[in-house]
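What follows is each chain in one-letter form.
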Amino acid sequence: MLDHPEEYYRHYYHYYSRRLAPKVDVRIVILVTVCVISIFQFYSWRSSYNEAIKYLSTVPKYRIQATEIAKQQGLLNRAKEKGKNRRSKEEIKEEDEERIRDIIKNKIDIKGGYQKPQIYDILLFQIVLFPYYLFKYITWYIHWVYRFNIKREEYGEEEKLYLIRRNMKMSQTQFDSLEDDRKKLFLEEELWKRENYEIYKNQEEEKMKLKMASDPRWKRYRRWMKNEGPGRLTFADD
């Protein structure tokens, strides 16, 4: 210390930093963090799925169909309860609502962000299965190049929908949430071809501009932006 006093505090710091440092394996911390995120993901998706089911049970189109199915299965045609086991109207109504929601769950395939949660979609399983997904993608890509770039085969419906989704820059979840009629329209207009998609895109943009121009709310917003604007912060003295 007398020969090198400037190094005293540095050695002092290294000693206590090692002595008092938490003895925790970084791998355990990462694993616990991934597990917590995965649990949060699963319960969040399940909550969104249940909310979607509750909403669909209020839509007349789906509610009428589910009610008819429940009546055909004898789930709603119950005899009036008597005696001590008789329940209140609220309890019977809640039970009927639960059965209608169960029928909607089983009969309607919800896609997109509100689809039924799958255990393999959470982060933990995605990390574990990443090598498999990578191998699957490489195999698919080689197969695609061989079929359509080398052999010059014609696209099937599945391949056309994939090219349409890629042109629209949409994820698989977003594309699956679209209605089947709209996908059929995309196929009829041959949007898997880049030039056709560019024409379609320009047409949709023009339609949106016309819609915004005729919308009273957008007119009020443009008038407000022109006359008043969002306001500015200035440093000028009053």
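Residues numbered from 1 in each chain as written. Predicted model: local features only at pLDDT ≥ 70, side-chain atom pairs only at ≥ 80, totals over all residues. Heavy atoms only, no water.

1. Re the UniProt feature "transmembrane region" (unreviewed entry) in the protein chain
Stated formally: UniProt positions are given in the numbering used here, feature names are shortened, and annotations may be inferred rather than shown by experiment. A helix here means a DSSP run of H or I that spans at least four residues, while a strand means a run of E at least two residues long, and both kinds are numbered starting from the N terminus.
UniProt records the feature "transmembrane region" (unreviewed entry) at residues 26-45 and 122-142, using the numbering of this structure. Helix makes up 100% of residues 26-45 and strand 0%, with an end-to-end C-alpha separation of 29 Å. End C-alpha to end C-alpha, residues 122-142 measures 28 Å, and it is 90% helix and 0% strand.

2. Remarks on the nonpolar core
As a reminder, the rule being used: Remark: nonpolar core denotes a set of buried residues (Ala, Val, Leu, Ile, Met, Phe, Trp, Tyr, Cys) joined through side-chain atoms within 4.5 Å. Think of it in three bands: with a 1.4 Å probe and only protein chains considered, a residue is buried below 20% of the maximum accessible area for its type, exposed above 50%, and partly exposed in between. We call two residues in contact whenever any of their non-hydrogen atoms come within 4.5 Å of each other.
Among the nonpolar cores identified, the biggest contains 14 residues, and I164, M168, F175, F186, L191 and Y200 are the most heavily contacted of them. Among the elements of the structure, helix 6 (130-150), helix 7 (157-168) and helix 10 (194-214) are those that each provide at least two residues to this core. The biggest single contributor to this core is helix 7, with 4 residues. Here I164 is in contact with F175, F186, L187, L191 and W192, once residues within four sequence places are set aside.

3. Some words on unusual backbone geometry
Of note, the phi angle at K169 is positive, near 55°, even though the residue is not glycine. Position of K169 relative to the elements: it lies in the loop between helix 7 and helix 8 (172-176). On the basis of relative accessible area, K169 is assigned to the exposed category, the value being 73%.

4. Quick word on helix 6
The cut-off we apply is this: One fewer than the residue count of a helix, multiplied by 1.5 Å, yields its expected span.
For helix 6, spanning 21 residues, the distance from its first C-alpha to its last is 29 Å, which sits close to the expected 30 Å at 1.5 Å a residue. The positive-phi residue at the C-terminal boundary of helix 6 is R152, with phi of around 60°.

5. Comments concerning the packing of helix 6 against helix 7
Filter applied, for reference: Each axis is a line fitted through C-alpha atoms, taken for helices only over the stretch in contact, and angles between the N-to-C directions span 0 to 180 degrees. We call two directions roughly parallel when the angle between them is under 35 degrees, roughly antiparallel when it is over 145, roughly perpendicular when it lies between 65 and 115, and oblique otherwise.
Where helix 6 meets helix 7, the axes come as close as 14 Å, and the angle between the chain directions of the two elements is 110°. Relative to helix 7, helix 6 is oriented roughly perpendicular. Where helix 6 abuts helix 7, its residues W140, W144, R147 and F148 lie against E159, Y162 and L163.

6. Quick look at the packing of helix 7 against helix 9 (residues 180-188)
The following threshold applies: Just so you know the grouping, Ala, Val, Leu, Ile, Met, Phe, Trp, Tyr, Cys and Pro go in nonpolar, Asp, Glu, Lys and Arg go in charged, and all remaining residues, Gly too, go in polar.
Relative to each other, helix 7 and helix 9 sit at 95°, their axes nearing to 10 Å. The angle between the axes of helix 7 and helix 9 places the two elements in the roughly perpendicular class. In this structure, helix 7 contributes E157, K160, L161, I164 and M168 to the contact, and helix 9 contributes K183, F186 and L187. Each residue belonging to the contact of helix 7 with helix 9 can be placed in one class, and the counts come to 5 nonpolar, no polar and 3 charged.

7. Focus: the environment of E157
Structurally, E157 can be placed in helix 7. In the structure, E157 is positioned 27 residues away from K184 in sequence and 10.0 Å away in space, judged by C-alpha atoms.

8. Looking at the confidence of the model for the protein chain
Low-confidence regions, as indicated by low pLDDT, have predicted coordinates that should not be scrutinised in detail. The condition that has to hold: pLDDT is a per-residue confidence score from the predictor, ranging from 0 to 100.
Mean pLDDT over the protein chain stands at 79; residues scoring 70 or higher make up 79%. Within the protein chain, no element has a lower average pLDDT than helix 11 (residues 216-227), which sits at 67, and none a higher one than helix 6, at 93.

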